[in-house]
Amino acid sequence: MGGVFLNQLHFKKSIIVKRSLAEAFHYISHFENCDQWDSSVKESRKISSGRVGVGTRFEIIFGFGPFMGPILYEVKKYDENNHLWLYGKGSSYEGEDKISFLKIDESSTQINYEIDLEFKGFFKVFSNSLKDFIFRFGDRALEDLKRALEVVPPGPKATFLDSMKDALILPSILNFTKRGHKTGKKRWNPISTYLGGKKVLLTGGNSGLGRATALGLAKLGADVTIVSRNEKKNSETAFLVEEETGHRVQVETRDLSLLEEVKDLSQKLLKDGDPIDILINNAGALYNERVVTSEGLEKSFALLLLSPFVLTQNLLPLLKKNSYSRVINVSSGGMYTQGLKLKGLEMREENYNGSVAYARAKRGLVTLSEIWSKEWSPDSINVNSMHPGWADTPGVANSLPNFHKLLESQLRTPEEGADTIIWMASAPELDQTSGHFFLDRVPRSTVLFPGTRPSKDLTKKFYDYLKEKARPYLLES
Ligand SMILES: NC(=O)c1ccc[n+]([C@@H]2O[C@H](COP(=O)([O-])OP(=O)(O)OC[C@H]3O[C@@H](n4cnc5c(N)ncnc54)[C@H](OP(=O)(O)O)[C@@H]3O)[C@@H](O)[C@H]2O)c1
């Protein structure tokens, strides 16, 4: 165990939370979440690899009084659903957090939190005077922990400031960088959802945002199936996620720009018959050179729009099997530059521009999300789309090298880009939310530039056009 505490202070408090024992233990043992419920913590992260257990290490950056700066914690005892002990050491602090869990009934748990702590160096002298101050923070942290585990926040809303930024365009675009994530984060609610037993189908799950999403959702307990084209990257991702979370990840290796492969995958999943709780259409690429697939389709259109259309339509019976399910379509801020097009959706050789083709398909995906959200609301299938901001992923580095070089220091990490996807998949406050376009957990306007808002008539024609294009690949539902 940790050190011998000579000038030891002892903090003890119990709370009862309306969450099952397994869920409460799962959330708290992921100690990297403690910045969600302890206001004295500025940042927290897991710094060792592998699933949480004895030896797992966390770096917690405290931001008040003598605790300014990092404290390194290590799990010393991990007895699932019973005990969690952590030993923490910083330049002015040493302490042991001993947390025990007691089942009260199926949906409530008693959490006993004890800390033996000691100040070191200069602050040792002030131990007694600091005691009340520290214990007040402890009390507050446990009240906040209770709230994090119990309270479902109200549904998301754009503030006046968010709408102003959208109206002024430039501030909205500046938010696509790291900065947007950093500012947005200040307003976020904890995610204490447990996704145990939930089935997630995630396209493009072996790289960049998709890989970060697979990991984030498996950490929350979900059963994730990833669909991507590269077999080696698929197995590496499955291995990584399993190592990190202890959850098995299923893999489907398909080229999703080929609609026959999408159809074949749909048939397989329908035959297996497992309900899908969350479908995330994330696979994507920007093709600077025009490519026509072996099925005769322009590849940006095929991969970014027709493929999610066919996959989602075909899997509708599996989405309907639950009393409630979610579809998340990963679009892009690039779509703001384009209005909805029918003729130019599959761009011709003579005027092909990869960024424009990409933006048109992504605009189409946002429009499609709005159509589906209305059509499927009686079946309690929520459909929302999102923009991850600009994130440093292999996709961006390969297809937009100049943009990547110019903005490298301002790009988000894949985890920051994936945050909103994970939140959309897991936040209970989104149970009733459908038909929105999110960035940094806030619903945003889908139109920034004049003339890019699709009319009702065009939207209907667009939907008919997609149905017609998809007809050979759609299964009877
Ligand atoms: N990063 C950003 O800043 C940003 C901004 C806006 C929107 N987005 C969107 O976010 C999504 C993820 O992009 P990312 O940046 O994370 O890029 P990434 O690192 O290149 O990942 C793309 C993923 O899509 C898969 N994929 C691509 N073509 C495929 C195909 N034909 N069949 C099956 N899977 C295919 C890739 O798998 P394989 O490697 O196996 O092909 C990979 O898993 C995309 O839809 C992208 O448009 C990203």
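These numbers were taken from a predicted model, which means no experiment stands behind them.

**Focus: the sheet that holds strand β8 (residues 199-203)**
So, point 1. Pairing in this open sheet of eight strands is mixed, and the strands run β10-β9-β8-β11-β12-β13-β14-β15 from one edge to the other. Unpaired on one side and paired on the other, β10 (250-253) and β15 (442-443) mark the two borders of the sheet.
So, point 2. Note that β8 and strand β11 (residues 278-281) share three bridges and pair parallel. Pairing of Val200 across the sheet is with Ile278, part of β11.
So, point 3. Where helix α7 (residues 231-245) meets the sheet, its contacts fall on β9 (223-228) and β10, and the angle it forms with β10 comes to roughly 170 degrees.

**Describing the site of the ligand**
So, point 1. In the region of the ligand, 31 residues are neighbours, and Ser207, Arg229, Lys233, Tyr358 and Thr393 sit closest.
So, point 2. A distance of 3.2 Å separates an oxygen atom of the ligand from a polar atom in the backbone of Gly395.
So, point 3. In the complex, the protein chains occlude 93% of the 880 Å² of accessible area that the ligand would expose alone.
So, point 4. The set of elements that each furnish at least two residues to the shell around the ligand consists of α6 (208-219), α11 (354-375) and α12 (394-399).
So, point 5. When residues in the shell around the ligand are grouped by element, the largest group, three residues, is from α12.

**Topic: the packing of aromatic side chains**
So, point 1. Scanning all chains against the criterion turns up 16 aromatic pairs.
So, point 2. Residues Phe25 and Tyr78 carry aromatic rings whose centres are separated by 5.3 Å and whose planes lie at 70 degrees to one another, so their mutual orientation is edge-to-face. You can see Phe25 sitting in helix α1 (residues 21-29) and its partner Tyr78 sitting in strand β4 (residues 69-79), a full 53 residues away along the chain.
So, point 3. Classification of Tyr78 as partly exposed rests on a relative accessible area of 23%.
So, point 4. The interplanar angle of 65 degrees and the centroid separation of 5.4 Å between the aromatic rings of Phe31 and Tyr73 together place this pair among those described as edge-to-face. Taken together, the residues Phe31 in the loop between α1 and β2 (41-46) and Tyr73 in strand β4 connect sequence positions 42 residues apart.

**Examining the sheet that holds strand β7 (residues 108-119)**
So, point 1. Taken in spatial order, the seven strands make up an open sheet running β1-β7-β6-β5-β4-β3-β2, and their pairing is antiparallel. The open sheet has two free edges, formed respectively by β1 (9-17) and β2, since each of these has just one partner strand. The mean inter-strand angle of the sheet, taken between neighbouring strand axes irrespective of direction, is 20 degrees.
So, point 2. The sheet contact formed by strand β5 (residues 83-89) and strand β6 (residues 93-105) spans seven bridges and is antiparallel. Bridged to Gly88 within β6 is Gly95.
So, point 3. Taken strand by strand, α1 contacts β1, β3 (57-62), β4, β5, β6 and β7, and its axis lies near 165 degrees from that of β6.

Scoring rules and cut-offs
- Residues numbered from 1 in each chain as written.
- Predicted model: local features only at pLDDT ≥ 70, side-chain atom pairs only at ≥ 80, totals over all residues.
- Heavy atoms only, no water.
- Pairing = 2+ DSSP bridges.
- Helix = DSSP H or I, 4+ residues; strand = E, 2+ residues; numbered from the N terminus.
- Contact = heavy atoms within 4.5 Å.
- Axes fitted to C-alpha atoms, helices over the stretch in contact; angles between N-to-C directions.
- Near = heavy atom within 4 Å.
- Polar contact = N/O pair within 3.5 Å; in protein donor to acceptor, adjacent residues only side chain to side chain.
- Areas by Shrake-Rupley, 256 points an atom, 1.4 Å probe, with all protein chains shown as cover.
- Phe/Tyr/Trp six-rings, centres within 6.5 Å; stacked < 30°, edge-to-face > 60°.
- Buried < 20%, exposed > 50% of the residue type's maximum accessible area, 1.4 Å probe, protein only.

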